[in-house]
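These are the residues of each chain, in order.
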Amino acid sequence: MAKTYKAVEVSAPGILRIVERTIPEPAAGQVRIRVEACGICHTDAATVSGTYPGLTLPRVPGHEVVGRVEALGSGVSKWKIGQRVGVGLIAGEDGICEPCRRGDIVNCQNPVVSGVTTDGGYAEVMIAEARGISSVPDELTSAEGAPLLCAGITTYNALRNAGLRGGDLVAVQGVGGLGHLGIQFARHMGFRTVAIGRGRNKEKLAKDLGAHVYIDTTAEDAAATLQRMGGARAILATGTSGDAMGTLVSGLAAHGKLIVVGVPQDQIQLNAFPLVFGGRSIYGSLTGTPIDGEDTLAFSVLENIRPMIETVPLEQAADAYARMMQGKARFRMVLVTGQ
């Protein structure tokens, strides 16, 4: 067995380079994973740019990881050698902070964050906390499963935890890396699904993904159109424009919710009137727990939901990352190893 593995690390802000590292042994409570696929997410930019709070370099990015358990640390009993597992963004918790003590481990104040506090999946090998991994169903390929552990769980959890009912009018803003999954989840959860995008060129794709209605924001006022339909019970905001998100609040029904899962660079500007008159709300939703990851994967298998992906070899990580950042990916770039 080889004693080294390839990894793509951020050696300095903006620099991704391939390195050879010695294969590590998992510590107590950890597993070593032989990575088969790792999705590239826009959140990786905070690692690559060196701007994630508390980040130290060098660091291997990547938090949409699927691979097989290769070694077990002491005290690990749930997982077995050869078992296929996945790792998402929040990959462990301290268990002692107030959110953890209240059962809210996603908002742990000292979490294990893949690709930030620990090396992630832009590599052939990764060490993960045994408590922070999810089982991957046989029906999904590793490349398909990887993006579901971030983009998938983010949109799935946001929708299923929003207190909605079958038949509710739900809009998904953005037909991109998050939105193309959000549309599928909304449709298969039984919601009257509206996709909101820029330009008619996305209409066919949105409807193929399951949208009942497509709103082109270059030709019509999305909020006004939603109100003519009775108002949305929820709008899942996945886009990259804060300005565009803020204007959607007026498209909500009374007590409707604008759920923000995309993180735009610009500010979200809000008019207080539709918030107060109608009891509307706006809030964010962040990923989920490892068992939520398993739920996401299981639902995706049940309803035949898949991410649209482009796969590239690990050695081309820098080019694939650049393609994602330039908005050219359709819709998730996934690094694959030779395994």
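These lines cover the structure that appears in this document, whether it is placed above or below. (Residues numbered from 1 in each chain as written. Predicted model: local features only at pLDDT ≥ 70, side-chain atom pairs only at ≥ 80, totals over all residues. Heavy atoms only, no water.)

### Considering the environment of Leu55
Positionally, Leu55 belongs in the loop between helix 1 (45–48) and strand 4 (64–72). Here Leu55 falls in the buried class, since its relative accessible area comes to 14%. The spacing of Leu55 and Gly14 is 41 residues in sequence and 14 Å in space, taken between C-alpha atoms. Setting aside residues no more than four positions away along its own chain, Leu55 makes contact with Ala46, Thr47, Gly50, Gly115 and Val116. (Helix = DSSP H or I, 4+ residues; strand = E, 2+ residues; numbered from the N terminus. Buried < 20%, exposed > 50% of the residue type's maximum accessible area, 1.4 Å probe, protein only. Contact = heavy atoms within 4.5 Å.)

### A word on the pattern of salt bridges
Scanning all chains against the criterion turns up 21 salt bridges. Of the charged contacts in the structure, one is a salt bridge between Arg306 and Glu144, with a shortest N-O distance of 3.5 Å. Of the two residues, Arg306 sits in the loop between helix 9 (290–302) and strand 14 (309–313) while Glu144 sits in helix 3 (residues 142–160), which places them 162 residues apart along the sequence. A single salt-bridge network, built from bridges that share partners, covers Glu9, Arg17, Arg21, Arg59 and Asp119. (Salt bridge = Lys/Arg side-chain N within 4 Å of Asp/Glu carboxyl O.)

### Here we look at the packing of helix 3 against helix 4 (residues 179–188)
The contact between helix 3 and helix 4 brings their axes to 9 Å, and the two run at 45°. Classified by the angle between their axes, helix 3 and helix 4 sit oblique to one another. When the axes of helix 3 and helix 4 are compared, the crossing they make is right-handed. Residue-level contacts link Leu148, Ala151, Gly152, Thr155, Tyr156 and Leu159 of helix 3 to Leu181, Gly182, Phe185 and Ala186 of helix 4. Looking at the contact of helix 3 with helix 4 residue by residue, the class counts come to seven nonpolar, three polar and no charged. (Axes fitted to C-alpha atoms, helices over the stretch in contact; angles between N-to-C directions. Parallel < 35°, antiparallel > 145°, perpendicular 65-115°, else oblique. Left-handed = near helix turned anticlockwise from the far one by under 90°. Nonpolar A, V, L, I, M, F, W, Y, C, P; charged D, E, K, R; others polar.)

### Brief notes about unusual backbone geometry
Trans peptide bonds make up the majority, and among non-glycine residues the majority have a negative phi. Residue Pro58 is reached from Leu57 by a cis peptide bond, and omega for that bond is 0°. Omega for the bond connecting Arg330 with Phe331 falls within 30 degrees of zero, at -5°, which places this linkage in the cis form. Positive phi outside glycine occurs at His255, with the angle close to 65°. Relative to the elements of secondary structure, His255 occurs in strand 12 (residues 252–260). Phi angles above zero are rare outside glycine, and Thr287 is one such case at about 35°. One can find Thr287 in the loop between strand 13 (281–284) and helix 9. Relative accessible area serves as the criterion here: at 7%, Thr287 is assigned to the buried category.

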